[in-house]
Amino acid sequence: MRLATAIPAALAAVLLTAGTLPTTATAAAAPPGQACSPRVSIDRYSDALDKRSVDGLYAGNFSALARDTDGDLLALSDRSALVTLDARTREPLRGVPLADEDGRPLDSEGLVVEKNGDRLITSENEPSVRRYDRAGHPTGRLPVPDGLRVAPAGRATANQTFEGLTAGPGGRTLTASMEGPLAGDGPDAQGRPLHRFQTWQRQPHGGYALGRQYAYPAEQGMTIPEIISLDDGRLLVLERKFEPQGNTIRLYLADPRRADDTRGTEKLTDATRPAAKILLADLTRCPSLGAPARQPQINPLLDNIEGMTVLGRAHGRLHLLLVSDDNQRAQQITRLYDMTVRM
């Protein structure tokens, strides 16, 4: 698509102790010179992809990242293109144009690669989740609840629908995050807007059936550009907003396992039990690493971060790769970020 203060450490500890957000083994704190928070560090950034092209396609406007089955990286443009990057150098190797079944462009936002190499790609236009083959041809769609469709067909706002898409362990469960709340859905007891997350369950024949739905409380003024499923059922959730002084990007750890199933709930209220969450890092507090900015930024390291994927897991640490969407504007940057999250 073209926070408030951090949760105090004491409150986070209470949540974890109470089992609201169960944790795994304790990991060492982030190195002081690279720390965004005690659990998140920024390892490096790169602007080498900025304002590049491949196969006649602009290698920018990136809204999602994923590992392909051959180990290369896929970067999804929200202007109907999928770009393959070399996993080591991150140089653009090739590009594939995308379209819907009638050849019309997509507002492509979320990306999951299935075991057979098929690509599942969301579009905010309807919204939709389509399956594509490696050549970029659409081969099917997943069902979408009527209420999540853009008005007047449903209660969603245009450009505020399926922004994030992630697959759980073994690809059995897909989850899509709504970037904004539905019309008529209220806030939680703390006044935070409730966004709906929709799941699908993989079927024996290879298709997907609609699964549970639940609410996620985003901070005031924040939208949700990306989510990542963890092996234990929790999620990493990016929240972001843009103001004249620049981008605010925050990374949360969410636990939806005790959240209410909202499939049959017409309107969410403060009585709805949403996913629990704790703040892992406010990225405006990361060291800038000397990064330049082309427009006002609270932290010059940041731009419009929209994509995120896991590159590796070891010893209670996740190696994340994030990417910013430059909106094909001279004032913005396509920037890659390597980060470590200690779980």
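This text follows the structure it describes.
The numbering scheme is per chain: residues are counted from 1 as the chain's sequence reads. Totals for whole chains, interfaces and linings use all residues, but because this is a predicted model, local features are given only for residues with pLDDT of at least 70 and pairs of side-chain atoms are given and counted only at 80 or more. Hydrogens and waters are ignored; side-chain quantities use all the structure's heavy atoms.

(A) Region of interest: the state of the cysteines. The term disulfide is used for any two cysteine sulfur atoms that are within 2.5 Å. Summed over the entire model, instances satisfying the criterion amount to one disulfide. Between the sulfur atoms of Cys36 and its disulfide mate Cys286 the distance is 2.0 Å. Here Cys36 and Cys286 share a disulfide; its torsion about the S-S bond, 110°, makes the bridge right-handed. Placement of Cys36 in strand β1 (residues 35–37) and of Cys286 in the loop between β20 (276–282) and β21 (305–314) is noted, with a sequence separation of 250 residues between them. Buried means the residue's accessible area, taken with a 1.4 Å probe over protein chains only, is under 20% of the maximum for its type, while exposed means over 50%, and partly exposed covers the values in between. Classification of Cys36 as buried rests on a relative accessible area of 8%. Segments assigned H or I by DSSP are reported as helices when at least four residues long, segments assigned E as strands when at least two residues long, and all are numbered from the N terminus.

(B) Focus on the sheet that holds strand β15 (residues 194–202). Taken together, the four strands give an open sheet; going across it, the order is β13-β14-β15-β16, and neighbouring strands pair in antiparallel fashion. Each having just a single partner strand, β13 (162–167) and β16 (208–217) make up the two edges of the open sheet. Mean inter-strand twist for the sheet, computed between neighbouring axes without regard to direction, equals 20°. Pairing between two strands is assigned when DSSP locates at least 2 bridges connecting them. For β15 and β16, the ladder comprises eight bridges, and the chain directions are antiparallel. Each residue of the ladder has a partner; that of Gln198, found in β16, is Gln213. Axis definition: a line fitted to C-alpha atoms, limited for helices to the stretch in contact. Angles are taken between N-to-C directions and run from 0 to 180 degrees.

(C) View of the sheet that holds strand β19 (residues 246–255). Pairing is antiparallel in the open sheet, where four strands are placed in the order β17-β18-β19-β20. Single-partner strands in this sheet number two, and they are β17 (223–229) and β20. When strand polarity is set aside, the average angle formed by the axes of neighbouring strands in this sheet is 25°. In this structure, strand β18 (residues 235–243) lies alongside β19, joined through nine bridges in antiparallel fashion. Note on β19: the bridge partner recorded for Leu236 is Leu253.

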